Every structure is written in C-alpha cells, then in structure tokens.
Amino acid sequence: MTRPVLLDVDTGIDDALALMLAVRHPDLDVRGVTCVAGNTSVDQVVRNTLTVLDAAGAVHVPVARGAERPLLAASRDASHVHGQDGLGDLGLPYSTRQPVDVHAVELMRQQLLVSSTPVTVIGLAPLTNLALLLRTYPEAAAMIERIVVMGGSASVGNATPVAEFNVWHDPEAAAIVFSADLPVTMYGLDVFYQVAVDGDDAAKLAVSADAGTSLIGRLLSGQVDNSRSEDRLLPGTATLGDAGAVCAVADPAGLVTESLPVRVSLEGEETRGQTIVDRRSRAGESDLLGRVAAPRIDVALEVDAARYRRMFLDVACQGVV
Ligand code: BDR
Ligand code: CA
C-alpha cells in the first residue's frame, strides 16, 4: 500500500532532490507540496518547485505558496549555498504552471481532511507553514500520522556553531511543531551530510536523457566542490541532504532513532535556534527542582548511508548509475 505524504519545502538544491525522489517512489503518494521562505524567497521557492516537478514529470501534484517569513524573526536566505535562484543558478526554465489558488496551510488542511488514511508530513524547510497549520486547524492535525523534519542537530550546527538552518530560521515554529503531541522524527545534521553521491556519479547522471535524472546530476555536480560541504563530507562528494529525510519515510529501517527530550532554544544571540537534545540517562538537579520536561521526539542518530544512496539512485535516478 502506498503511504500518503505532504511535503513542505524551500526549494533549494537538496529539496529538489527530495521532491524528485518522493514523486518517483512507488511506495509514496505525494498529495501536495507546500512552499515556504527559507533557502530563498517564497515566490522563488514556488517557481523552483514547479520547475522541479515539471522535470520529474509530476505535473499533477498541487503546489501551494505559504509563509513569506518566519513567525517572529526576519527572513534570511541561503543563497551562498543554493545560488541566487536557489537552484544553483543553472538557468533553468520557468514552469508554465501556476500554484493552486489557496494558501499552503489551506492545501495541507484540505488534503489531510480528505484522506482516508493518516498522512505523513515531511518538513524540509523552516517549519513556519506547519506551525501555522497546527495552530489554525488543530482538527486537521488528527490526520497526521507522523511529521518527519529535516532540521536540528544533537551535535554541532551549520547556520551557527550550534543551530541548524531550518530551525534557526524559525525557532518559534520548530518549538510549536516539536511540542505538538504528535509523533515527530528529527532527521538532523547528525545524519544529514552522510548520504552522499560522488562527483563521477553526478557527472553520469547529468548527461542522462531523462529530464529529472539530468537535473539531479547537474544540481549535484554543482555542489561537489561547495565549500559548505566542508569536513562533514568526503572530498569530491555532494550530500543528498533533504532527500535523506524522504528515504527515511520510505524505508525507516535505514535509520537509528532514539526517543529523546528536545528543547528549541529561543533566546540568546549565540544559542537561538539550537536544538538542545537531552541525552542524559538520569535526571539532574534542575529537573529535580521542578524544571518542566522538554517534549520527546525521535532523534535520528545513525543512518545506513549506503542503503539510502542506493535507493535514491535506483528510484529518483532510475538506476542510471
Ligand atoms: C537545511 O537547510 C537548507 O539549506 C537545506 O535545504 C536543508 O533543508 C540544512 O540545514
Ligand atoms: Ca530545505
């Protein structure tokens, strides 16, 4: 049986890889894609998402425009990673299609309420749209089976020494989602960089006759030498990033998770956006003195990177390499 999913994206190079995998995976039924400001402006995210879905041949999937900025903070993009257009400045064509005529939060609500089976929500971007959904239509949340979030870290950050970009961009939204009393998986930086493709494979994908596979190859090739990849990647490789979170939905057995208390730091120039993951095995003095416990979520701590890489190449890239 296929699993119904909704994707919330800020497309974004690795969001593009994730979209390609999700719409091509036979076990996933993508019911809608919602867009939010993050890697680039929300209007550019909409354009990029439609372009990627065109290349994938998934023109039936509804796409909706969502929040233009975080709940409280100002918007900040990641153009130094994803390029001025958010998709590596490859000069890709604009889609002739338009987003649907309803807000992202409405599209999610509609799709949740019409579904006959619970829906997995995959959040690959700042969590603004998802927080708005939970606050606006709590009854729709009852149809969410699980929220799988690419975001956070149990170790070091990327946007700051301690904060991961998606959570750092809208920490209040992440705090709302993590404390929603729904099953949440945090696919964070502890596993994010590990699922990767090397430059030789990316070059082979780039010359594929299939439009989707070729786009993946071109996007990955541009990332191979990206300085942001730094020491978390083997030299000459590019991370599949957000696509790993889609792998985790399609094949949860490739991920080792632990249910842990996670608090999102909302304060302090140095700590705002940090996900404070409590890995202690026993309570400490502050807990004994009445500190309120943080919500527990499933934190990804290890990934079978070879297994997910293979799935991505077989499914999203149709086994070209
Ligand atoms: C996350 O931030 C974005 O740049 C990527 O698309 C990914 O979702 C990684 O921190
Ligand atoms: Ca993203």
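To start, this report covers the structure provided alongside it. Computed from a predicted model, the values in this text were never measured in an experiment.

**Comments concerning the packing of helix α1 (residues 13-24) against helix α14 (residues 305-316)**
Right, so step 1: Their axes nearest at 9 Å, the elements α1 and α14 cross at an angle of 65 degrees. Our classification of the angle between α1 and α14 gives roughly perpendicular. You can see that α1 and α14 cross each other, and the crossing is left-handed. Packed against α1, whose contacting residues are Leu17, Met20, Leu21 and Arg24, the element α14 presents Met311, Phe312, Val315 and Ala316 at the interface.
Right, so step 2: Per-class residue counts for the contact of α1 with α14 are seven nonpolar, no polar and one charged.

**Digging into the nonpolar core**
Right, so step 1: If you look at the biggest cluster of nonpolar residues, it comprises 65 residues, and the most contacted ones within it are Leu7, Val33, Tyr187, Ile216, Leu220 and Phe312.
Right, so step 2: In this view, Val33 contacts Leu7, Val9, Leu19, Thr49, Leu53, Val61, Pro62, Val63, Ala64 and Leu107; residues no more than four positions away in its chain are not counted.
Right, so step 3: The next biggest cluster of nonpolar side chains, apart from the first, holds 33 residues, and it includes Leu112, Leu130, Ile176 and Val184.

**Focus: the side chain of Ser95**
Right, so step 1: Residue placement: Ser95 occurs in the loop between α3 (79-82) and α4 (104-114).
Right, so step 2: Side-chain polar atoms of Ser95 contact the backbone nitrogen of Arg97, separated by 2.9 Å.
Right, so step 3: Beyond its immediate sequence surroundings of up to four residues, Ser95 is in contact with Leu50, Thr51 and Asp54.

**Regarding the coordination of the calcium ion (ligand 2)**
Right, so step 1: Taken together, the protein donors to the calcium ion (ligand 2) comprise Asp10 (OD), Asp15 (OD), Asp15 (OD), Leu124 (O) and Asp242 (OD), at separations of 2.3 to 2.6 Å.
Right, so step 2: Here the donor residues of the calcium ion (ligand 2) share one chain and are spaced in sequence as D-x4-D-x108-L-x117-D. Linking Asp10 in the loop between β1 (3-9) and α1 with Leu124 in the loop between β4 (119-123) and α5 (128-136), this pair joins segments that are 114 residues apart in sequence. Comparing Asp10 with Leu124, the two get one shared label, buried.

**What about unusual backbone geometry?**
Excluding glycine, residues mostly carry a negative phi; peptide bonds, for their part, are mostly trans.
Right, so step 1: A cis amide bond links Thr11 to the next residue, Gly12, at an omega of -10 degrees.
Right, so step 2: Examined against the element boundaries, Gly12 turns out to sit in the loop between β1 and α1.
Right, so step 3: Residues other than glycine seldom take positive phi values, yet Asp181 does so here, at roughly 65 degrees.
Right, so step 4: Mapped onto the fold, Asp181 is located in the loop between α8 (171-178) and β6 (184-187).
Right, so step 5: Residue Asp181 is classed as exposed on the basis of its relative accessible area of 77%.
Right, so step 6: Phi is positive for Gln318, close to 55 degrees, though the residue is something other than glycine.
Right, so step 7: Here Gln318 is to be found in the segment after α14.

**Regarding the pattern of salt bridges**
Right, so step 1: What the rule picks out here adds up to 15 salt bridges.
Right, so step 2: A salt bridge links Arg65 to Asp43; its shortest N-O distance comes to 2.7 Å. Taken together, the residues span a long stretch of sequence, with Arg65 in strand β3 (residues 63-65) and Asp43 in helix α2 (residues 42-56) at a distance of 22 residues.
Right, so step 3: A salt bridge links Arg310 to Asp314, with the shortest nitrogen-to-oxygen separation between them at 2.8 Å. Of this pair, Arg310 and Asp314 both sit in helix α14, four residues apart, roughly one helical turn.
Right, so step 4: Judged by its relative accessible area of 33%, Arg310 falls in the partly exposed class.

How each quantity is defined
- Residues numbered from 1 in each chain as written.
- Chains lettered and ligands numbered in written order.
- Predicted model: local features only at pLDDT ≥ 70, side-chain atom pairs only at ≥ 80, totals over all residues.
- Heavy atoms only, no water.
- Axes fitted to C-alpha atoms, helices over the stretch in contact; angles between N-to-C directions.
- Helix = DSSP H or I, 4+ residues; strand = E, 2+ residues; numbered from the N terminus.
- Parallel < 35°, antiparallel > 145°, perpendicular 65-115°, else oblique.
- Left-handed = near helix turned anticlockwise from the far one by under 90°.
- Contact = heavy atoms within 4.5 Å.
- Nonpolar A, V, L, I, M, F, W, Y, C, P; charged D, E, K, R; others polar.
- Core = buried A, V, L, I, M, F, W, Y, C linked by side-chain atoms within 4.5 Å.
- Buried < 20%, exposed > 50% of the residue type's maximum accessible area, 1.4 Å probe, protein only.
- Polar contact = N/O pair within 3.5 Å; in protein donor to acceptor, adjacent residues only side chain to side chain.
- Donors = N, O, S within 2.8 Å, 3.2 Å for Na, K, Ca; no water.
- Salt bridge = Lys/Arg side-chain N within 4 Å of Asp/Glu carboxyl O.

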